[in-house]
Protein chains: 2
Amino acid sequence: MVPLNELLRLSAHVEPMLEKYLLKDTDPEFREPVLYQIKAGGKRLRPALTLVASIATGGSIEDALPAAASVELAHNYSLILDDIIDHSELRRGRPTLWKRYGLATAILVAVHYRESIAQAIEETKKPREFSEIMARTLKLLVEGERLDVLFEQAGRQDEPYVVEKRRRVVTLNDYLDMVYKKTGALIETSCIFGGLSAEAEPSWIKALEEYGRNIGIAFQVGDDIIDIFGREEATGKKVGKDIEEHKLGNIVILLTADELASREWRELAEILAKDVVPPRDLERALQIISSTRSRERAEELRKRYANAAISALQRLPANEGTSMLKSLAEFVATREF
Amino acid sequence: MVPLNELLRLSAHVEPMLEKYLLKDTDPEFREPVLYQIKAGGKRLRPALTLVASIATGGSIEDALPAAASVELAHNYSLILDDIIDHSELRRGRPTLWKRYGLATAILVAVHYRESIAQAIEETKKPREFSEIMARTLKLLVEGERLDVLFEQAGRQDEPYVVEKRRRVVTLNDYLDMVYKKTGALIETSCIFGGLSAEAEPSWIKALEEYGRNIGIAFQVGDDIIDIFGREEATGKKVGKDIEEHKLGNIVILLTADELASREWRELAEILAKDVVPPRDLERALQIISSTRSRERAEELRKRYANAAISALQRLPANEGTSMLKSLAEFVATREF
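Residues numbered from 1 in each chain as written. Chains lettered and ligands numbered in written order. Predicted model: local features only at pLDDT ≥ 70, side-chain atom pairs only at ≥ 80, totals over all residues. Heavy atoms only, no water.

Residues and elements named next belong to chain A. Across the interface, helix 14 (residues 251-259) lies against helix 17 (residues 294-312) with an axial gap of 9 Å and an inter-helix angle of 125°. If you check the angle between helix 14 and helix 17, you find them oblique. At the point where helix 14 passes helix 17, the crossing takes the right-handed sense. Taken together, the residues of helix 17 that come into contact with helix 14 (itself represented by Ile-251, Val-252, Leu-255, Thr-256, Asp-258 and Glu-259) are Ser-294, Arg-297, Ala-298 and Leu-301. Per-class residue counts for the contact of helix 14 with helix 17 are 5 nonpolar, 2 polar and 3 charged. (Axes fitted to C-alpha atoms, helices over the stretch in contact; angles between N-to-C directions. Helix = DSSP H or I, 4+ residues; strand = E, 2+ residues; numbered from the N terminus. Parallel < 35°, antiparallel > 145°, perpendicular 65-115°, else oblique. Left-handed = near helix turned anticlockwise from the far one by under 90°. Contact = heavy atoms within 4.5 Å. Nonpolar A, V, L, I, M, F, W, Y, C, P; charged D, E, K, R; others polar.)

Here is the structure:
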């Protein structure tokens, strides 16, 4: 088994590419805010998937570098905008881009990221095909983010569209649909891009797609679990942020609703629906959640999707790349940060 | 001479394409906010330029439709974001997208527009070439908008980057550079896209590029003049908005600075630098501006660029398309709305 660190370190090859595309056609005075987001770090899971998927299907790391850069840029593009949309002031322990430089600058940087994605795609093996997939993927991301916001149970009183369309009932299917679009689609695309960079045969691309879709959903379920039960020291994020953000679109909260008798659920629902959730209520919410089997059930769900991803790997050639994809799925199935 | 109305009406062919790309991969519940911006209307100058440039260089309207749609979508993409950046609440007499639906929805719609541009480009003759040019153009737009914001003389106290980098001195060259990037580049690209759709020879593309760059600058100079001297009934915009927005990057204000003795300029500069410009000061500013030859000189500048555009047409074949491009340049040179 390839150790995880080594695996994620593969993405080190992508770092200079990220800067290269971001600094293309960029005024020196604009460089600092442009590089701020990407230099904050992150796990670089998506480019690692692209590179490893390329290796697994007979390609090289070099062939997959522009594609790997494009998916990491797409991820950061979405983070810049998510932080604006969610009014988030901190990410990875530092001010978010809009908080640090201001809203106008953050929006301009985001547009700049999108064009850097296009410039990365120009250097892939099949720009036309990659470009088409990226456009579809980013439209899915928009749709997933739209649903995630509509699943919030309070806030955004100054947002007429959200107030009007807000969902009071969210089923497990609604959740899985939202999560596939918000997170799964780009992770799926990261895997497909690896296969396309290797010019892999269609059946292998199909297997990578299935692997990516499943691992993507598992990844987001993991994010939801970590949000509620994570340790702040390990994650750099505040515990229970999704509760403060009124999110019914967190699997742990959703499964809690499913488990509780109506009286207790009403108490939790009322906390989620408060304009501001005070610390006392946050604690009570965590208490209620912990009194159910929601954590266990969320973990089962995460494992089920991670296992589905691993199953898809049987249709790929047995080689070091495929075994690294398995390691990545196991990381996603169990990660606590 | 082809009448202007008929010319701009050419763009009617583009309308169904705009909807087609915007509604691709779009949830029914999202359609209303997505179509809101494009349905507000507008002159549709950019797609008209693409179609006419195609005709002028031996192509057809049909061949140029996807490219024409892409530039109009790009224009509207930038308008959605500009309205957020400038906190503008009204456009063409109705609430702006963010004001009508909320910030989160407006940002998601903007991202959706960018992907619709990519989907339009997929259907052009040379997606790879069009895509590359569009990416470069949108990075220029970002840069132009960044400069425009930095040329503001007050406001944005909550935007650390702007406060730190704000420019106190703006030369005519700074202005022309900013205006080419903010407005000229996309108009230039609209013309080039017409020539590329017609698969025109390189020297014709060069001529279209020169035509477009010059007409683009003339167009923005016209916008600046209209902002200060327009009639509200004709423009649907408030007179002197650029003064309220503290913009030293308006050619009329810039030329006024150049003409005035330092005492009077200081008075105008102080008005521009007020956090809020009260109606009395706005009126006084317009009075000061009118006491100079700045309007005449701005009109001369606009004509000079429009004439440069018309000169470039001599390198194109003499045909109906080229004569329509001349009509469009004459419209841009004199328009009052």
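Picking up where we left off.
A few words on the nonpolar core. Membership of the largest hydrophobic core comes to 234 residues, with the highest contact counts inside it found for Tyr-211 and Ile-243 of chain A together with Tyr-211 of chain B. When near neighbours in sequence (up to four residues on either side) are disregarded, Ile-243 of chain A contacts Asp-227, Ile-228, Ile-253, Leu-272, Val-277, Leu-282, Ala-285, Leu-286 and Ile-289 of chain A. (Core = buried A, V, L, I, M, F, W, Y, C linked by side-chain atoms within 4.5 Å. Buried < 20%, exposed > 50% of the residue type's maximum accessible area, 1.4 Å probe, protein only.)

This part covers helix 5 (residues 61-85) of chain A. Residue and element names in this part refer to chain A. The end-to-end C-alpha distance of helix 5 is 35 Å, a good match for the 36 Å that 25 residues give at a rise of 1.5 Å each. A bend of about 30° at Ala-67 is the largest found in helix 5. Burial of helix 5 is extensive: 23 of the 25 residues sit out of reach of the surface. Sitting at the head of helix 5, Ser-60 places a side-chain oxygen 3.4 Å from the backbone nitrogen of Glu-62. (Expected span 1.5 Å × (residues − 1). Bend = angle between axes of the 7 residues up to and from the residue. Polar contact = N/O pair within 3.5 Å; in protein donor to acceptor, adjacent residues only side chain to side chain.)

Per the stated rule, a full pass over the model turns up 72 salt bridges over all chains. For Asp-281 of chain A, the salt bridge identified is with Lys-274 of chain A, shortest N-O distance 2.5 Å. Residue Lys-125 of chain B pairs with Asp-63 of chain B through a salt bridge whose shortest N-O separation is 3.6 Å. Residue Lys-125 of chain B is found in the loop between helix 7 (103-122) and helix 8 (127-150), and its partner Asp-63 of chain B is found in helix 5 (residues 61-85); the two are separated by 62 residues along the sequence. Assessed through its relative accessible area of 30%, Asp-63 of chain B is described here as partly exposed. Salt bridges here are not isolated pairs; linked through shared partners, they connect Asp-86, Asp-148, Glu-152, Arg-156, Glu-159, Lys-182, Lys-241, Glu-245 and Lys-247 of chain A. (Salt bridge = Lys/Arg side-chain N within 4 Å of Asp/Glu carboxyl O.)

Let us look at the interface of chain A and chain B. On the side of chain B, 51 residues touch chain A, which itself brings 51 residues to the contact. Where chain A abuts chain B, roughly 4400 Å² becomes buried across the two surfaces, and 62% of that area is made up of carbon and sulfur atoms. Three residues, Glu-29, Lys-139 and Tyr-161 of chain A, lead the burial of chain A against chain B; their summed loss comes to 17% of the area buried on that side. Run the count over chain A and chain B and you get 8 salt bridges. Between Glu-29 of chain A and Arg-146 of chain B there is a salt bridge whose closest N-O contact spans 2.6 Å. Put simply, chain A and chain B have 26 residue pairs in polar contact (both at pLDDT 80 or more) between them. If you list the elements that add at least two residues to the side of chain A that touches chain B, you get helix 2 (15-23), helix 5, helix 6 (97-101), helix 7 (103-122), helix 8 (127-150) and helix 9 (160-165) of chain A. By residue number, the principal contributor to the side of chain A that touches chain B is helix 8 of chain A, which donates 14 residues. Grouping the amino acids of the side of chain A that touches chain B by side-chain chemistry returns 24 nonpolar, 6 polar and 21 charged. (Buried area = accessible area lost by both parts, 1.4 Å probe.)

Our focus in this paragraph is the packing of aromatic side chains. In total, this model carries 6 aromatic pairs over all chains according to the counting rule given. Each ring, one from Tyr-161 of chain A and one from Tyr-101 of chain B, has its centre 6.1 Å from the other, and the planes form 75°; the classification is edge-to-face. You can see Tyr-161 of chain A sitting in helix 9 and its partner Tyr-101 of chain B sitting in helix 6 (residues 97-101), one on each of two chains. Centre to centre, the rings of Phe-130 of chain B and Phe-193 of chain B are 4.4 Å apart; their planes meet at 65°, and the pair counts as edge-to-face. In this pair, Phe-130 of chain B is assigned in helix 8 and Phe-193 of chain B in helix 10 (residues 172-197), connecting sequence segments 63 residues apart. The pair formed by Phe-130 of chain B and Phe-193 of chain B is uniform in burial state, with each residue classed as buried. An aromatic cluster of three or more residues is present, and its members are Tyr-36 and Tyr-101 of chain A together with Tyr-161 of chain B. We note Arg-46 of chain B situated over the ring of Phe-219 of chain B; from NZ or CZ to the ring centre the distance is 5.6 Å. Sitting over the face of the ring of Phe-229 of chain B, Arg-295 of chain B holds its NZ or CZ atom 4.4 Å from the ring centroid. (Phe/Tyr/Trp six-rings, centres within 6.5 Å; stacked < 30°, edge-to-face > 60°. Lys NZ or Arg CZ within 6 Å of the ring centre and 35° of its normal.)

Another aspect to go through is the environment of Ala-40 of chain B. All names here are of chain B. By the element assignment, Ala-40 lies in the loop between helix 3 (31-38) and helix 4 (45-56). Classification of Ala-40 by relative accessible area gives partly exposed; the value is 23%. Linking Ala-40 and Glu-267, residues 227 residues apart in sequence, is a C-alpha distance of 38 Å.

To continue, consider the packing of helix 5 of chain A against helix 7 of chain B. Orientation of helix 5 of chain A relative to helix 7 of chain B, taken along the N-to-C sense of each, is 160°, at an axis distance of 9 Å. On the basis of the axis angle, helix 5 of chain A is roughly antiparallel to helix 7 of chain B. For the pair helix 5 of chain A and helix 7 of chain B, the crossing hand works out as right-handed. Along its contact with helix 5 of chain A, which presents Tyr-77, Leu-81, Ile-84 and Ile-85 of chain A, the element helix 7 of chain B presents Leu-103, Ala-104, Ile-107, Leu-108 and Val-111 of chain B. Class assignment of the residues belonging to the contact of helix 5 of chain A with helix 7 of chain B gives a composition of 9 nonpolar, no polar and no charged.

The next thing to look at is empty space enclosed by the protein. To find leftover empty space, a probe the size of one water molecule is rolled over the atoms. Scanning the model with the defined rule gives 7 cavities of 30 Å³ or more in all. Within this model, the largest cavity holds a volume of roughly 180 Å³. For the largest cavity, the lining is made up of 15 residues, of which Ile-121, Pro-127 and Ser-131 of chain A together with Pro-127 and Ser-131 of chain B are closest to its centre. For the lining of the largest cavity, the secondary-structure elements that each account for two or more residues are helix 7 and helix 8 of chain A together with helix 7 and helix 8 of chain B. Split by residue class, the lining of the largest cavity holds 7 nonpolar, 2 polar and 6 charged. Estimated volume of the second largest cavity: approximately 60 Å³. Together, Tyr-77, Leu-81, Ile-107, Ala-110 and Val-111 of chain A together with Tyr-77, Leu-81, Ile-107, Ala-110 and Val-111 of chain B line the second largest cavity. Taken together, the elements giving at least two residues each to the lining of the second largest cavity come down to helix 5 and helix 7 of chain A together with helix 5 and helix 7 of chain B. Among the residues making up the lining of the second largest cavity, the classes are represented as 10 nonpolar, no polar and no charged. (1 Å grid on protein atoms, 1.4 Å probe; cavity = no way out; pocket = protein on both sides within 12 Å on 5 of 7 lines; lining within 4 Å. Points joined across faces, edges and corners; volume = space filled by probe spheres on them.)

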